[in-house]
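# Tertiary structure, described
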Amino acid sequence: MSSSSTRPPLRLAGARDLRSRLVLATLARRPVEIRRLRADAERPGLRGDEASFVRLLDKLTSGSRISIDETGTTLRYSPGTLCGGSIEHDCGPSGRPIGWFLSALLPLAPFGAKPLRLTLKGVTCGNDKARSADALSKIAAPLLDKFGCKGCAIDVERREAVTRDKKRDWTKQAGSVVLRCPCVRTLDPVDLDAPSQTKRVRGVAYATRCAPALANRCAAAAREFLEPLHVDVRVATDASAQRDCAPVAGVGIVLIAENDALARGAERDAASMEGDASPEALGEGAARALVAEVKSGGCVDAATQPLLLTLMACGADDASSC
């Protein structure tokens, strides 16, 4: 394969799917030039969250060349070599949850020169544009394991449910998630059968810096909605102690539907709900979303499909199927 420095750049336009474009360019070792990044917008150019993602890519690679023009509307990226090792990044100032960064970077994790230990600081809950760290831990990590990344794990060390004040410095007390992934030469092909009937539903309702009863009410509402479906439902509660969470009050829930092959999930938290954000609304909303995901079919849920397809494309010569 030609090195990225000798190949002509792939020229693209617009800010749509910017994270995916950069990750796929890194996997393919192909330089890219992305023009007209919100050129007609009131505030043109890269946003703060996208700039933070580019900085994280630079930390994950060695020898990358990144340049942004004066207006911020043109990004040139020549990917280097994925180096692995121990890396830390603060996602908090970007205003995006950790899942927004982590879900996009997971296809890169197995291909480093050394096993990867990536520590991300920031908000651990999800929203309408990003998965929560708990959902990625239960869904994405087992998927990587099926492709041969044995021992891949995502650990939520400290929760941060909701960010109220972006200007406050929570570097020492922010939520913390650690991705551990071994390095592999090639991914194993997978043959995922048609999804079988859901065997069980597992989940966790969590509360940070607020009354533990809120997590209990959230879990009870989810169990009440799922009870008529006659599946084994277990929703644990986690009321984080002061030392185990960031100084922000919040409540949320993650539900995972499991079968013999893979899992699919849904999550809700007080920051992503509009209108009624009571614990009962959070629990019932997550249960409804989970049922909708199961009814839609497929081997994995909609949010995990990009990761699955990318890993299948990066696999060995033997074709994967799902």
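See above for the structure.
Figured I'd write up the structure that's included with this text. (Residues numbered from 1 in each chain as written. Predicted model: local features only at pLDDT ≥ 70, side-chain atom pairs only at ≥ 80, totals over all residues. Heavy atoms only, no water.)

## Remarks on the layout of surface pockets
Its volume calculated, the largest pocket comes out at about 1000 Å³. Around the largest pocket, the lining comprises 43 residues; the ones closest to its centre are Arg19, Ser103, Lys129, Ala130 and Ala303. At the level of elements, helix 1 (18-28), helix 3 (98-105), helix 4 (133-146), strand 14 (263-269), helix 6 (279-295) and helix 7 (305-313) are the ones that each hand at least two residues to the lining of the largest pocket. Along the lines of polarity and charge, the residues of the lining of the largest pocket split into 19 nonpolar, 9 polar and 15 charged. (1 Å grid on protein atoms, 1.4 Å probe; cavity = no way out; pocket = protein on both sides within 12 Å on 5 of 7 lines; lining within 4 Å. Points joined across faces, edges and corners; volume = space filled by probe spheres on them. Helix = DSSP H or I, 4+ residues; strand = E, 2+ residues; numbered from the N terminus. Nonpolar A, V, L, I, M, F, W, Y, C, P; charged D, E, K, R; others polar.)

## Concerning the sheet that holds strand 4 (residues 65-68)
Strands sit in the order 1-2-5-4 across an open sheet of 4 strands; the sheet is mixed. The outermost strands of the open sheet, each flanked by one partner alone, are strand 1 (10-13) and strand 4. Averaged over all pairs of adjacent strands, the angle between strand axes in this sheet comes to 10 degrees, irrespective of strand direction. Bridge analysis of strand 4 against strand 5 (residues 75-78) gives 4 bridges, and the strand direction is antiparallel. Following the sheet pairing, Ser67 is matched in strand 5 by Arg76. (Pairing = 2+ DSSP bridges. Axes fitted to C-alpha atoms, helices over the stretch in contact; angles between N-to-C directions.)

## Structural notes on the pattern of salt bridges
One pass over the full model with this rule turns up 16 salt bridges. Notably, a salt bridge pairs Arg35 with Glu33, separated by 2.4 Å at the nearest N-O pair. Glu33 sits in the buried class, given a relative accessible area of 7%. Measuring nitrogen to oxygen at the nearest pair gives 2.9 Å for the salt bridge that ties Glu284 to Arg288. Taken together, the residues span about one helical turn, with Glu284 and Arg288 both in helix 6 at a distance of 4 residues. For Arg288, a relative accessible area of 48% gives the class partly exposed. (Salt bridge = Lys/Arg side-chain N within 4 Å of Asp/Glu carboxyl O. Buried < 20%, exposed > 50% of the residue type's maximum accessible area, 1.4 Å probe, protein only.)

## Here we look at the sheet that holds strand 7 (residues 85-90)
The mixed open sheet is built from 4 strands, whose spatial order is 7-8-10-9. Looking along the sheet, the strands with just one partner apiece sit at the ends: strand 7 and strand 9 (153-158). Ignoring strand direction, the axes of neighbouring strands in this sheet form an average angle of 15 degrees. Sheet topology places strand 8 (residues 116-122) next to strand 10 (residues 175-181); 7 bridges connect them, and they run antiparallel.

## Focus: the environment of Glu258
Topologically, Glu258 is positioned in strand 13 (residues 250-258). Along the sequence, Glu258 and Arg202 sit 56 residues apart, while their C-alpha atoms lie 7.6 Å from each other. Apart from residues no more than four positions distant in its own chain, Glu258 is found in contact with Thr198, Lys199, Arg200, Arg202 and Ala263. Polar contacts involving the side chain of Glu258 include one to the side chain of Arg200, which spans 2.8 Å. (Contact = heavy atoms within 4.5 Å. Polar contact = N/O pair within 3.5 Å; in protein donor to acceptor, adjacent residues only side chain to side chain.)

## Re the nonpolar core
Core analysis: the biggest nonpolar cluster contains 55 residues, and Leu22, Phe53, Leu102, Leu106 and Leu179 have the highest contact counts within it. Leu102 has contacts with Leu120, Leu136, Ile154, Val177 and Leu179, leaving out every residue within four places of it along the chain. (Core = buried A, V, L, I, M, F, W, Y, C linked by side-chain atoms within 4.5 Å.)

## Structural notes on the pairing of strand 13
Put simply, side chains in a regular strand alternate between the two faces of the sheet. Among the 9 residues of strand 13, 8 are classified as buried, and the element is accordingly described as predominantly covered. Sheet topology places strand 11 (residues 200-208) next to strand 13; 9 bridges connect them, and they run antiparallel. Within strand 13, the residue paired with Thr208 across the bridge is Gly250.

## Remarks on the packing of aromatic side chains
Remark: the centre distance and the inter-plane angle together describe each pair of aromatic rings, the angle taken between the planes. Summed over all chains, the structure comprises 3 aromatic pairs. Ring geometry for Phe53 versus Trp100: centroids 6.1 Å apart, planes at 75 degrees, classification edge-to-face. Note that Phe53 is positioned in helix 2 (residues 48-60) and Trp100 in helix 3, a separation of 47 residues in sequence. As far as the burial class goes, Phe53 and Trp100 line up, both buried. Judged by its relative accessible area of 5%, Trp100 is buried. (Phe/Tyr/Trp six-rings, centres within 6.5 Å; stacked < 30°, edge-to-face > 60°.)

## Let's talk about the side chain of Thr119
Along the chain, Thr119 turns up in strand 8. Given the relative accessible area of 7%, Thr119 is considered buried. Polar contacts involving the side chain of Thr119 include one to the side chain of Arg117, which spans 3.3 Å. Those residues in contact with Thr119 that lie beyond four places of it in its chain are Ile87, Glu88, His89, Ser176, Val177 and Val178.

## Description of helix 7
Within the span of helix 7, buried status applies to Leu307, Leu308, Thr310, Leu311 and Met312. Packed against the buried residues of helix 7 are helix 1 and helix 4.

## What about unusual backbone geometry?
Located in the positive-phi region is Asp17, a residue other than glycine, with phi close to 55 degrees. Turning to its location among the elements, Asp17 is positioned in the loop between strand 1 and helix 1.

## Observations regarding the environment of Leu108
With respect to the helices and strands, the residue Leu108 is situated in the loop between helix 3 and strand 8. Owing to a relative accessible area of 4%, Leu108 belongs among the buried residues under this scheme. Distance from Leu108 to Val23, taken between C-alpha atoms, is 7.3 Å for residues 85 residues apart in sequence. Filtering out sequence-adjacent residues up to four positions away, Leu108 remains in contact with Val23, Thr26, Leu27, Leu57 and Leu82.

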